[in-house]
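What the coordinates show
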Amino acid sequence: MGEEPTGRSKPVKWKSFDIEKRLLLGAWEKVRANGGAPGVDAVGIAAFQERWGDNLYKLWNRMSSGSYFPGPVRAVEIPKDHGAGVRVLGVPNVADRVAQTAAAMLLEEKLEPIFHPGSYGYRPGRSARDAVAACRRRCWEHDWVIDCDIRAFFDSVPHDLLLKAVAHHTSERWVLLYVERWLKAPMQMPDGTLVPREKGTPQGSPISPVLANLFMHYAFDRWMDREHPGCPFERYADDIVIHCGNQDQARQLRAAIAERLQTLGLELHPQKTRIVYCKECVTNVEGGAA
């Protein structure tokens, strides 16, 4: 990127935003390591890398001046398990993935220290196995669980509430501006049609995991601590297991969660959300039964 690709960029008076070139370089290195398919512009990782210095400089220049607008997101349909339909992933252009990764790096630095210990999805040093281990331990302490699933979560997150949460945690004006543009970028379907997006943050984009966790931090995690502190939980993005002392408590809490999510434009999946007596399940596993 210019003559000093790894150095700190000096503030330029005519730029709208002071964005470090080093930040975009680090973001590009992450995007290159992750690989992935091209977006709608058909420019893959290898093609971007051939002129990576020029490409990063052009991206930095546009982002710094406020003239950066992302391209449409390419829709890719992935079959769900057990023939339960398809999941639509959104694949941004490589340049847009670099820009999103840069913003995500800044947001993660601010948000990781405040995120809930019961949140495990898409976080450094945490995994689904950690969530399962915590769940198993708590199943010995609480007889009942609510296995929650939010219907079409990534397609339903309200933009206004999400942007309000982002604004609360960053003073970087460019992050808020471009997060809004990424959220509103249309989805190009496999047949070439462009679908406008008024809500949701597409799975497959680098910024979506941190945005999803930020939204759920306020929509669920902090709400649970405030309203139901005696019911610990493990949350992996929109999949949540909540531990309760008895069946009545589980039923009441499930209704309260449904009401809470409804006020935020979300809905519990009626088939995938279940109340389960976990002691019997654990006993069967320990005893070798099916």
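Attention here is on the structure that accompanies the text. Keep in mind it's a predicted model, so treat the numbers as computed, not measured.

**Some thoughts on the packing of helix 3 (residues 52-65) against helix 4 (residues 94-111)**
Look at helix 3 against helix 4: their axes get within 11 Å of each other, and the N-to-C directions meet at 60 degrees. As summarised for this structure, helix 3 and helix 4 are arranged oblique, according to the angle between their axes. The handedness of the crossing between helix 3 and helix 4 is right-handed. Contact residues: helix 3 offers Leu56, Leu59 and Met63, while helix 4 offers Ala95, Val98 and Ala99. Per-class residue counts for the contact of helix 3 with helix 4 are 6 nonpolar, no polar and no charged.

**Some points on the layout of surface pockets**
By volume, the largest pocket is sized at about 680 Å³. Looking at the lining of the largest pocket, the elements with two or more residues in it are strand 2 (86-91) and helix 6 (153-156). When the residues that make up the lining of the largest pocket are grouped by side-chain class, the tally is 12 nonpolar, 3 polar and 9 charged.

**Here's the deal with the side chain of Gln100**
As for its position among the elements, Gln100 is in helix 4. Apart from residues lying up to four places away in sequence, Gln100 is in contact with Pro92, Trp182, Ser205, Pro206 and Ile207.

**A short note on the sheet that holds strand 2**
Paired through their backbone hydrogen bonds, the strands of a sheet run either parallel or antiparallel. Reading across the sheet, the 4 strands line up as 2-1-4-5 and stay open at both edges, with mixed pairing between neighbours. A single partner strand is all that each edge strand has here, and the edge strands are strand 2 and strand 5 (194-195). For strand 1 (residues 73-79) and strand 2, the ladder comprises 6 bridges, and the chain directions are antiparallel. In the sheet register, Ile78 faces strand 2, and the bridge partner there is Arg87.

**Concerning the packing of aromatic side chains**
For the coordinates displayed, the defined rule picks out 12 aromatic pairs. Taking 5.1 Å as the distance between ring centres and 85 degrees as the angle between the ring planes, the aromatic pair formed by Tyr68 and Tyr178 counts as edge-to-face. You can see Tyr68 sitting in the loop between helix 3 and strand 1 and its partner Tyr178 sitting in helix 8 (residues 173-184), a full 110 residues away along the chain. In this structure, Tyr68 and Tyr178 share a single accessibility class: buried. Joined through ring pairs, the aromatic side chains of Phe17, Tyr68, Trp174, Tyr178 and Trp182 make up one cluster. Against the face of Trp60 rests Lys15, its NZ or CZ located 5.0 Å from the ring centre. The ring centre of Tyr120 lies 4.7 Å from the NZ or CZ of Arg126, which sits over that ring.

**A short note on empty space enclosed by the protein**
Inspection of the entire model under this criterion finds 1 cavity of 30 Å³ or more. In this structure, the largest cavity occupies an estimated 30 Å³ of space. Surrounding the largest cavity, Val73, Gln100, Trp182, Leu183, Arg197, Thr201, Pro202, Ser205 and Ile207 form its lining. Of the residues assigned to the lining of the largest cavity, the class counts are 5 nonpolar, 3 polar and 1 charged.

Definitions and limits used
Residues numbered from 1 in each chain as written. Predicted model: local features only at pLDDT ≥ 70, side-chain atom pairs only at ≥ 80, totals over all residues. Heavy atoms only, no water. Axes fitted to C-alpha atoms, helices over the stretch in contact; angles between N-to-C directions. Helix = DSSP H or I, 4+ residues; strand = E, 2+ residues; numbered from the N terminus. Parallel < 35°, antiparallel > 145°, perpendicular 65-115°, else oblique. Left-handed = near helix turned anticlockwise from the far one by under 90°. Contact = heavy atoms within 4.5 Å. Nonpolar A, V, L, I, M, F, W, Y, C, P; charged D, E, K, R; others polar. 1 Å grid on protein atoms, 1.4 Å probe; cavity = no way out; pocket = protein on both sides within 12 Å on 5 of 7 lines; lining within 4 Å. Points joined across faces, edges and corners; volume = space filled by probe spheres on them. Pairing = 2+ DSSP bridges. Phe/Tyr/Trp six-rings, centres within 6.5 Å; stacked < 30°, edge-to-face > 60°. Buried < 20%, exposed > 50% of the residue type's maximum accessible area, 1.4 Å probe, protein only. Lys NZ or Arg CZ within 6 Å of the ring centre and 35° of its normal.

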